[in-house]
Amino acid sequence: MKKADIGVIGMEVMGRSLALNMESKGYTVAVYNRTGEKTKAFAEGPAKGKNIIPTYEIKDFVEALESPKKIMLMVKEGAPVDAFIETLLPFLKHGDLIIDGGNSFFKDTIRRNKYLSEKGILFIGTGVSGGEEGALKGPAIMPGGQKEAYKLIEKIFKDISAKAYDGEPCVDYMGPDGAGHFVKTIHNGIEYGDMQLIGEVVWFLKNTGMRADKIADIMARWNDKNDILCSYLIEITADSMKQKHQGSDEFLVDRVADITRMKGTGTWTVQSALELLVPIPTIAAAVFSREMSQDKNLRLEMSKKISLTFNGFANNPEEIIDVAHDALYIAKISSYAQGIALLTAASSAYNFNLNIGKIAKIWRAGCIIRAQFLDEITRAYEANPDLPNLLAAPKFAAFVSSNIGKLARFIDMAHKCGVPTLAMSSAFDYILQITSAVMPSAQVSALQRDYFGAHGYFKINSDSPELMVNNEGKIREFHTEWLLPTRPEREITR
Ligand code: NBP
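Residues numbered from 1 in each chain as written. Predicted model: local features only at pLDDT ≥ 70, side-chain atom pairs only at ≥ 80, totals over all residues. Heavy atoms only, no water.

- Per an unreviewed UniProt entry, the protein chain carries the name 6-phosphogluconate dehydrogenase, decarboxylating and comes from candidate division TA06 bacterium ADurb.Bin131.
- Its UniProt record gives the protein chain the following Function (unreviewed entry) comment, quoted word for word: "Catalyzes the oxidative decarboxylation of 6-phosphogluconate to ribulose 5-phosphate and CO(2), with concomitant reduction of NADP to NADPH."
- Its UniProt record gives the protein chain a comment under Catalytic activity (unreviewed entry), which states: "6-phospho-D-gluconate + NADP(+) = D-ribulose 5-phosphate + CO2 + NADPH". (UniProt positions renumbered as here; feature names shortened; annotations may be inferred.)

Listed below in structure tokens is the structure:
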């Protein structure tokens, strides 16, 4: 019997769909699952008559593979990945390749890459985005690991990946060890931000009195291919909001509970941001909002204890829709700017050597945040790979400077009818902060820290907001002796 080109372990929705996708591109695929019944159901169901080899023992699975053996794990992240690595090791030889395609924590991937390298086994940690449909028809793939490992899998990945409108496959080598899983994590963080921003805009429109089907029509308009907001998430919002509740005239969205659960990647994005000292308030707001959404009982109780009163605003539907559209676009730019800032910081902290333009390019199709907008990001970074922040790209800077008032107006209107906008507000404030030559409150708190803890402070020039430096260009630091009656100021040298 012909040996398999690749093996897939994990016969849940992602593993099954990827195996079928690979087979449809002409590859023979061996499959295995811890619980054999799932392999059997797959073999006798969707895989029947196809070049898919079901196996029920790890030894048989590995023996079914062509050398060098390529094994893709599509199992739950964490302990199951380590368990499978240990089970596979006795059957593998120098130069064989294990690929972890689950949503693993990037630091686990760095650890596994090192561990397996020492044993002569190649390892790729890759993000696979697009859910079940993407895995089946073409996902965006973000692989990280040794370059020679990527070479072994490059053709298969290119064949099975989504293709952008210009025909380019949505896969590229991201960088060493944990780079692929880190990029996937930040992709998901940005996805959280997008979903929260859209949710807040929809909820605001609903609170101005619009029905779900009217909002669905607005979303469908915003998904026109010439609209700056055109994206998969806007498309599925339009589609799902039209859905009626089973056997009734109500819309499903009006009956779905306001609880959004989550797995690990949003939290990991925020943890990384905290570790790398990169502010990502909008993505953090999206994670915090999901946490608040899960506290349903507390919110029910609090809503009975405190009743807030709002006066509303003059309701002009055309103006509201225009303001909401441009506000959402600006907030989206702000949120992506934050995610990209985190990618850039991680790139130098972990030596990932990430190429932001290339990442935006592979996110154009297949993945959840796919949008035409990503083309603009690619162009911005191709024109200037050293952009200090996405907001500095000339096209985005121009749009944001002329329309920032609409985001302010959106937040104002939303608050006037009692709609919380944690993500939209933080997107607005991020833009205000990053464009402030002098940040409000920071000077006061710098002084407070020196007052209570003698922590020192820097100074700005009397005639400009630039930092005061000495003749060698070194930033000067000062301390005031607050407890002495004359409060003398002295320069600190460290
Ligand atoms: P799940 O994340 O639900 O994982 C199910 C698989 O993990 C099954 O094969 C199961 O085997 C195996 N498994 C578990 Br659970 N515990 C195990 C253990 N202790 N030892 C060995 N195997 C174990 O499947 P999925 O939704 O297909 O996702 C697969 C990976 O892809 C995950 O990392 C997920 O985060 C990632 N991902 C999912 C999506 C999506 O939309 N679902 C999208 C992108 C990435 P069993 O059948 O014997 O229990």
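Read on, since the account is not over.
**Describing the sheet that holds strand β5 (residues 97-100)**
Backbone hydrogen bonds hold the strands of a sheet together, and the pairing may be parallel or antiparallel.
Phase 1 of the analysis: In spatial order, the strands read β3-β2-β1-β4-β5-β6-β7; together these seven strands make up an open sheet with mixed pairing. The open sheet has two edge strands with one neighbour each: β3 (52-54) and β7 (140-145). Between one strand axis and the next, the sheet turns through 25° on average, direction left out of account.
Phase 2 of the analysis: Sheet strands in contact with helix α5 (residues 106-118) are β5, β6 (122-129) and β7, and its direction is about 155° off that of β6.
Phase 3 of the analysis: The strands that helix α7 (residues 147-160) touches are β1 (6-9), β4 (70-73), β5, β6 and β7; relative to β6, the one it contacts most, it runs at about 30°. (Pairing = 2+ DSSP bridges. Helix = DSSP H or I, 4+ residues; strand = E, 2+ residues; numbered from the N terminus. Axes fitted to C-alpha atoms, helices over the stretch in contact; angles between N-to-C directions. Contact = heavy atoms within 4.5 Å.)

**Some thoughts on the domain arrangement of the protein chain**
Often, the extent of an interface is quoted as the loss of accessible area on bringing the components together.
Phase 1 of the analysis: By the assigned domains, the protein chain splits into domain 1 (6-177), domain 2 (185-434) and domain 3 (440-492).
Phase 2 of the analysis: When each unit is reduced to the centre of its C-alpha atoms, the spacing between domain 1 and domain 3 is 56 Å. (Domains from an automatic or database assignment.)

**Some remarks on the pattern of salt bridges**
If charged atoms from side chains of opposite charge come close, those side chains can pair.
Phase 1 of the analysis: By the definition in use, this model includes 36 salt bridges.
Phase 2 of the analysis: In this structure, the salt-bridge partner of Lys2 is Asp5, at a minimum N-O distance of 3.6 Å.
Phase 3 of the analysis: Asp213 serves as the salt-bridge partner of Arg211, at 2.7 Å between the closest nitrogen and oxygen.
Phase 4 of the analysis: Assessed through its relative accessible area of 51%, Arg211 is described here as exposed.
Phase 5 of the analysis: A relative accessible area of 24% means that Asp213 is categorised as partly exposed.
Phase 6 of the analysis: It is possible to trace a salt-bridge network through shared partners that takes in Asp82, Asp100, Asp108, Arg111 and Arg112. (Salt bridge = Lys/Arg side-chain N within 4 Å of Asp/Glu carboxyl O. Buried < 20%, exposed > 50% of the residue type's maximum accessible area, 1.4 Å probe, protein only.)

**A few points about the sheet that holds strand β9 (residues 477-480)**
Phase 1 of the analysis: Across the sheet, which stays open at both edges, the three strands sit in the order β8-β9-β10 with antiparallel pairing between neighbours. Since the sheet does not close on itself, it has two edges, and those belong to β8 (457-458) and β10 (489-492), each with one partner.
Phase 2 of the analysis: Here two bridges tie β8 to β9, and the two strands are oriented antiparallel to one another. Paired with Phe458 across the bridge in β9 is Glu477.

**A look at the nonpolar core**
Phase 1 of the analysis: By size, the foremost hydrophobic cluster in this structure holds 99 residues, and its most contacted members are Leu205, Trp222, Trp363, Ile377 and Phe410.
Phase 2 of the analysis: In terms of residues, this core owes the most to one element, helix α14 (residues 317-349), which gives 17 residues.
Phase 3 of the analysis: Looking at which domains feed residues into this core, each of domain 1 (6-177) and domain 2 (185-434) gives three or more.
Phase 4 of the analysis: Sequence-distant contacts of Ile377, that is, excluding residues within four places in its chain, are made with Tyr336, Ile340, Ala360, Leu390 and Phe396.
Phase 5 of the analysis: Tyr27, Met72, Ile124 and Tyr150 belong to the second largest nonpolar core, which has 30 residues in total. (Core = buried A, V, L, I, M, F, W, Y, C linked by side-chain atoms within 4.5 Å.)

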